[in-house]
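# Report on the structure
Chain by chain, the residues run as shown.
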Amino acid sequence: MDSNLLDTTNWLSYNIVSPIVEGINSSKYEQIPMETLIEGIKQVRNTCQSTANSEVLYNYYCYVLRTYARKAVLPELLQCNLENITEMFYARWETNKLLVYWLKKVFSYLEIHYIPESGKDSLEKVGLEIFRSQVFHQISQMLAEGIVTWLQTIRNGFCLDSYYIKRTIMSFIEIEYINPTLKKTQTQGQTLLEWQGSIDFPHYYKEHFETLFFQFSQAFYSQFSQSISRITDLTQYLTEAKNFMDSETALITEYLHESSIEPFKQIITTELLESFKTYSENSTELFLKLFNNENWQQLNDVYRIFENESAIKLLLQNQLGTYLDLKLNNLIHGHSKSVAGELILLKEETELLVEYCFLNSRDFKACISHKLNQFINTQEGIIPSIVEYCDFYLKEGIHTTSEKKVSKHMDQINDLVAFIGEKDIFLTQYSKHLSKRLLENTNVPEYFELQMINKFKIHCAGPVLNKLLSMLKDINVSEQIVKEYCDKYSHHGSPLGVEFNVKLITSNAWPEQEPEPCKLTGTLTVIINDFEMFYQTTYEKRKLTWVNQAGSLELLGYFGETYTLVLNPIQTTLLLHLEHQKSMSLQELKKLTGLNEKALKANIIMLFNPKYPLLLKQSKGKKIQESEVITLNEDFSSKTRKINYLPKPLKKRLKIDKEEQSVVKGRTYIIESVIIKVCKTHKTIYHRQLLKETINNVTSFSAQPQQIKERIDSLILRGLLTRDDKESNLYYYIDE
């Protein structure tokens with residue numbers, strides 16, 4: 001070693017190394033004069049003019065750290081016992097970081113040229129490596145036992161300085177850092193040095209600390225499990241188990257590495273499961289009882305304790321399903337209007353239960369969806385009930401709450417619609433109620449009608465949904481035409497002084513309305529002719545067909561006193577004929593009105609209402625004979641001044657079947673259009689994939705594989721698709 005290099009090392013030893021070591025040992029390292037540190041940095045820089053000198057200084061740096069570890073740190077730690085090893089190690093771990101930090105400042109010039117060129121470890125990395133080899137390997141077993149002793153003390157309820165225990169445990173991680181660096185951090189108001197770096201897997205931590213703590217903990221958990229297995233009261237058992245689980249989870253989360261949390265929680269769960277066997281023998285009955293009695297807190301305790309135990313979770317899910325089955329079965333006997341409303345309340349209640357008791361677990365939410373889907377699509381009458389509830393809510397419910405709450409409740413209704421498999425059937429039935437609301441001028445704002453339909457768009461699609469929108473559009477157009485009619489004539493829409501309103505609808509958008517041709521008479525003919533003349537003049541190429549049985553009017557009748565009679569145009573025509581003739585046979589009325597016998601009886605029968613009989617007949621009973629002679633009741637009298645005689649709609653299943661058959665027929669075109677769209681996108685596609693994509697893209701009903709196969713065969717016969725000659729399950733799209 002040349003004299004200049006020797007002078008440098010001696011100077012560094014006397015002026016830098018010794019003061020730093022003495023300073024950090026006495027916590028006064030900051031008192032080293034800055035001028036001295038700067039001079040030391042200059043000495044190192046001036047000496048590192050050759051590789052040989054740089055290597056000597058690098059080795060000298062390592063020698064200083066190695067000597068400090070062997071002679072100052074290790075002997076002191078080896079004299080410790082389990083009670084003080086943790087605290088003493090933490091102190092030496094910190095002082096070693098300080099020594100590396102300050103020496104790195106002095107020898108920093110080595111990292112500019114020598115270390116990159118020679119491939120040596122960085123000053124920080126070699127500093128950590130020396131501490132690991134010279135100190136940590138020697139005392140890791142005793143240190144781990146000391147930490148476990150302190151953690152057991154914490155478990156027993158004693159409060160200790162948690163920070164240095166956590167930092168000591170973290171040293172088992174930090175000691176393996178790849179490319180470590182020292183950074184200053186602010187912790188609890190103090191500036192401290194922290195090792196920062198990365199690690200692939202904490203082998204050292206697992207092997208030297210976690211394994212030992214695992215053994216101690218398993219014995220501790222087993223002892224606790226045995227102690228609470230003797231508790232006979234479920235509430236007390238769950239309280240004790242939950243408190244234990246919470247305290248242990250807090251302990252391992254606070255002190256251990258994140259990789260230890262789930263394994264330790266699994267150990268706790270496994271041990272507690274042993275103690276739970278006393279209750280789990282009758283767990284099916286027990287859990288169902290908790291659901292039925294709404295013991296939400298106990299359900300939450302069971303779930304949190306056994307969250308990682310799949311058998312218990314599956315059991316809870318099954319009992320939630322059983323609980324829902326019981327609730328749903330109770331709904332079947334309710335009033336038709338209330339079933340859908342109660343379904344909404346039940347869904348909301350069980351979702352709150354899952355949120356509170358099962359922490360919004362996806363599996364439990366799926367259980368609710370499965371049960372509701374099964375109930376709605378298999379239980380007869382549920383879909384009509386949802387339709388009727390929509391009608392009831394729009395006519396009555398929206399007027400008693402705010403718009404925000406209306407929107408929320410519509411969302412809840414739409415959540416039920418989402419479960420319906422045959423959504424096109426639902427929309428078809430919904431369209432009948434919508435038609436009635438629009439034509440009868442019920443007090444439902446158009447805004448809410450449109451809002452409900454837009455909600456349906458989330459889960460529904462297809463031509464039936466488009467028809468609902470067309471119905472609303474028709475009403476708007478109708479109102480505009482009627483306004484033009486009123487503005488054009490001097491009577492302002494009241495010909496002959498009779499207030500007249502008409503609804504014009506397009507036949508292809510609305511539910512089937514079979515017109516009943518009737519020869520109207522008197523004022524009715526004048527009013528209708530007046531409007532038809534206006535309409536034909538304004539819209540030359542359009543044809544009007546009057547649906548007389550769907551109309552309504554108020555007729556003033558004088559029978560000693562004045563009564564308001566609510567009738568349709570056909571009933572009014574019948575009364576006007578009888579007003580002049582007083583008595584007529586059924587066949588005469590049939591000839592005068594041009595009605596067929598079925599339509600005539602359907603409209604006239606309400607006028608024989610025994611409570612308010614406007615007409616009288618010879619035969620007794622409800623049936624009207626073909627040879628019946630009908631007479632106007634001139635002695636009519638009633639306490640009620642306004643009487644509704646409009647025919648009640650007949651709910652004939654045959655008609656519903658006819659409409660549903662029309663919808664089912666329309667499914668053929670929907671499936672084919674989806675198949676064509678999918679095949680056109682892919683050009684070539686296998687049967688399984690085509691089946692899957694078609695089912696996913698048909699949203700208005702549940703497309704069945706057999707239906708899809710039939711449509712594929714039809715498209716092949718019509719030359720729109722073709723099969724591969726060798727692979728029969730491979731299809732090609734044929735461009736026209």
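Residues numbered from 1 in each chain as written. Predicted model: local features only at pLDDT ≥ 70, side-chain atom pairs only at ≥ 80, totals over all residues. Heavy atoms only, no water.

## Regarding the sheet that holds strand β6 (residues 615-617)
Across the sheet, which stays open at both edges, the three strands sit in the order β5-β7-β6 with antiparallel pairing between neighbours. Two strands bound the open sheet, and with one partner strand each, they are β5 (583-585) and β6. Across the sheet, the axes of successive neighbouring strands diverge by a mean angle of 25 degrees, strand direction being ignored. Note: β5 against strand β7 (residues 629-632), three bridges, orientation antiparallel. Directly across from Ser583, in β7, lies its bridge partner Thr631. Contacting β5, β6 and β7, helix α23 (residues 569-581) crosses the sheet at an angle of about 120 degrees to β5. Contacting β5 and β7, helix α24 (residues 586-593) crosses the sheet at an angle of about 85 degrees to β5. (Pairing = 2+ DSSP bridges. Helix = DSSP H or I, 4+ residues; strand = E, 2+ residues; numbered from the N terminus. Axes fitted to C-alpha atoms, helices over the stretch in contact; angles between N-to-C directions. Contact = heavy atoms within 4.5 Å.)

## Section: the packing of helix α6 (residues 123-155) against helix α7 (residues 162-174)
Look at α6 against α7: their axes get within 9 Å of each other, and the N-to-C directions meet at 140 degrees. Judged on the interaxial angle alone, α7 and α6 are oblique. Where α6 crosses over α7, the handedness of that crossing is left-handed. The residues of α7 that touch α6, namely those facing Leu128, Phe136, Ser140, Leu143, Ala144, Ile147, Trp150, Leu151 and Ile154, are Tyr164, Ile165, Thr168, Ile169, Ser171, Phe172 and Glu174. A breakdown of the residues in the contact of α6 with α7 according to their chemical character gives 12 nonpolar, three polar and one charged. (Parallel < 35°, antiparallel > 145°, perpendicular 65-115°, else oblique. Left-handed = near helix turned anticlockwise from the far one by under 90°. Nonpolar A, V, L, I, M, F, W, Y, C, P; charged D, E, K, R; others polar.)

## Digging into the sheet that holds strand β11 (residues 730-733)
Strand order in the open sheet formed by three strands is β9-β11-β10, with antiparallel pairing between adjacent strands. In this open sheet, the two strands that pair with only one neighbour each are β9 (684-686) and β10 (721-723). Taking the axes of each pair of neighbouring strands and ignoring which way they run, one obtains an average angle of 30 degrees across the sheet. The pairing of β10 with β11 spans three bridges and is classified as antiparallel.

## Some details on the confidence of the model for the chain
Per-residue pLDDT for the chain has a mean of 85; in total, 94% of the residues score no lower than 70. Note that residues 652-656 has pLDDT below 50 and, in this model, four contacts with residues that lie over four places away or in other chains. (pLDDT = per-residue confidence, 0-100.)

## Structural notes on unusual backbone geometry
Peptide bonds are, in most cases, trans, and in most cases residues other than glycine have a negative phi. If you check the backbone angles, Asn179 has positive phi at about 50 degrees while not being a glycine. Considering the arrangement of structural elements, one finds Asn179 in strand β1 (residues 178-187). Judged by its relative accessible area of 56%, Asn179 is exposed. Even without being a glycine, Leu359 presents a positive backbone phi close to 55 degrees. Relative to the helices and strands, Leu359 resides in the loop between α15 (336-357) and α16 (362-378). Among the residues examined, Leu359 registers a relative accessible area of 47% and is labelled partly exposed. (Buried < 20%, exposed > 50% of the residue type's maximum accessible area, 1.4 Å probe, protein only.)

## Concerning the side chain of Asn568
For Asn568, the position within the fold is in the loop between β4 (562-567) and α23. Assessed through its relative accessible area of 0%, Asn568 is described here as buried. There is a polar contact of 3.0 Å between the side chain of Asn568 and the backbone nitrogen of Ile570. Here Gln571 takes part through its backbone nitrogen, which lies 2.7 Å from a polar atom of the side chain of Asn568. In this structure, Asn568 is in contact with Asn548, Gln549, Gly551, Ser552, Asn603, Leu646 and Pro647, ignoring residues within four places of it in sequence. (Polar contact = N/O pair within 3.5 Å; in protein donor to acceptor, adjacent residues only side chain to side chain.)

## Structural notes on the pattern of salt bridges
The tally for this structure, following the rule as stated, stands at 29 salt bridges. The salt bridge involving Arg92 is made with Glu76; its shortest N-O contact spans 2.8 Å. Taken together, the residues span a long stretch of sequence, with Arg92 in helix α4 (residues 85-106) and Glu76 in helix α3 (residues 51-78) at a distance of 16 residues. On the basis of relative accessible area, Glu76 is assigned to the partly exposed category, the value being 27%. Residue Arg718 pairs with Glu672 through a salt bridge whose shortest N-O separation is 2.8 Å. One end of the pair, Arg718, is in the loop between α28 (705-717) and β10; the other, Glu672, is in helix α26 (residues 653-682), with 46 residues separating them in the sequence. Since its relative accessible area comes to 46%, Arg718 is described here as partly exposed. (Salt bridge = Lys/Arg side-chain N within 4 Å of Asp/Glu carboxyl O.)

## Re the environment of Tyr58
If you trace the backbone, Tyr58 turns up in helix α3. Taking C-alpha positions, Tyr58 is 105 Å from Pro515, a pair spaced 457 residues apart along the chain.

## Things to note about the environment of Tyr535
Relative to the helices and strands, Tyr535 is located in helix α22 (residues 523-538). Here Tyr535 is in contact with Ile481, Leu504, Arg542 and Leu544, once residues within four sequence places are set aside.

## Here we look at the nonpolar core
Membership of the largest hydrophobic core comes to 159 residues, with the highest contact counts inside it found for Phe107 and Phe209. Among the elements that line this core, the one with the most residues is α6, at 15 residues. Setting aside anything within four residues of it in sequence, one finds Phe209 in contact with Ala144, Ile147, Val148, Leu151, Ile169, Phe172, Tyr204 and Leu256. Counting residues in each nonpolar core, the second largest holds 29 residues, with Tyr563, Met584, Phe608 and Leu615 among its members. (Core = buried A, V, L, I, M, F, W, Y, C linked by side-chain atoms within 4.5 Å.)

## Brief notes about the side chain of Ser140
Looking at the element boundaries, Ser140 is found in helix α6. Its relative accessible area of 4% is what places Ser140 among the buried residues. With residues near it in sequence (within four places) discarded, Ser140 still touches Phe172, Tyr204 and His208.

## Quick word on the packing of aromatic side chains
Counted according to the given criterion, the structure contains 47 aromatic pairs. Both rings, one in Trp93 and one in Phe131, keep their centres 5.3 Å apart while their planes meet at 65 degrees; by these two values the pair is edge-to-face. Linking Trp93 in helix α4 with Phe131 in helix α6, this pair joins segments that are 38 residues apart in sequence. Residue class for Trp93 comes out buried when judged on its relative accessible area of 1%. A relative accessible area of 1% means that Phe131 is categorised as buried. Ring centres of Phe358 and Phe364 lie 4.0 Å apart, and the angle between their planes is 15 degrees; this geometry places the pair in the stacked category. When its relative accessible area of 0% is taken as the criterion, Phe358 is described as buried. Classification of Phe364 by relative accessible area gives buried; the value is 0%. Connected via pairs of aromatic rings, a cluster forms that spans Phe89, Trp93, Phe131, Phe136, Phe172, Tyr204, Tyr205, Phe209, Phe213, Phe214 and Phe264. (Phe/Tyr/Trp six-rings, centres within 6.5 Å; stacked < 30°, edge-to-face > 60°.)

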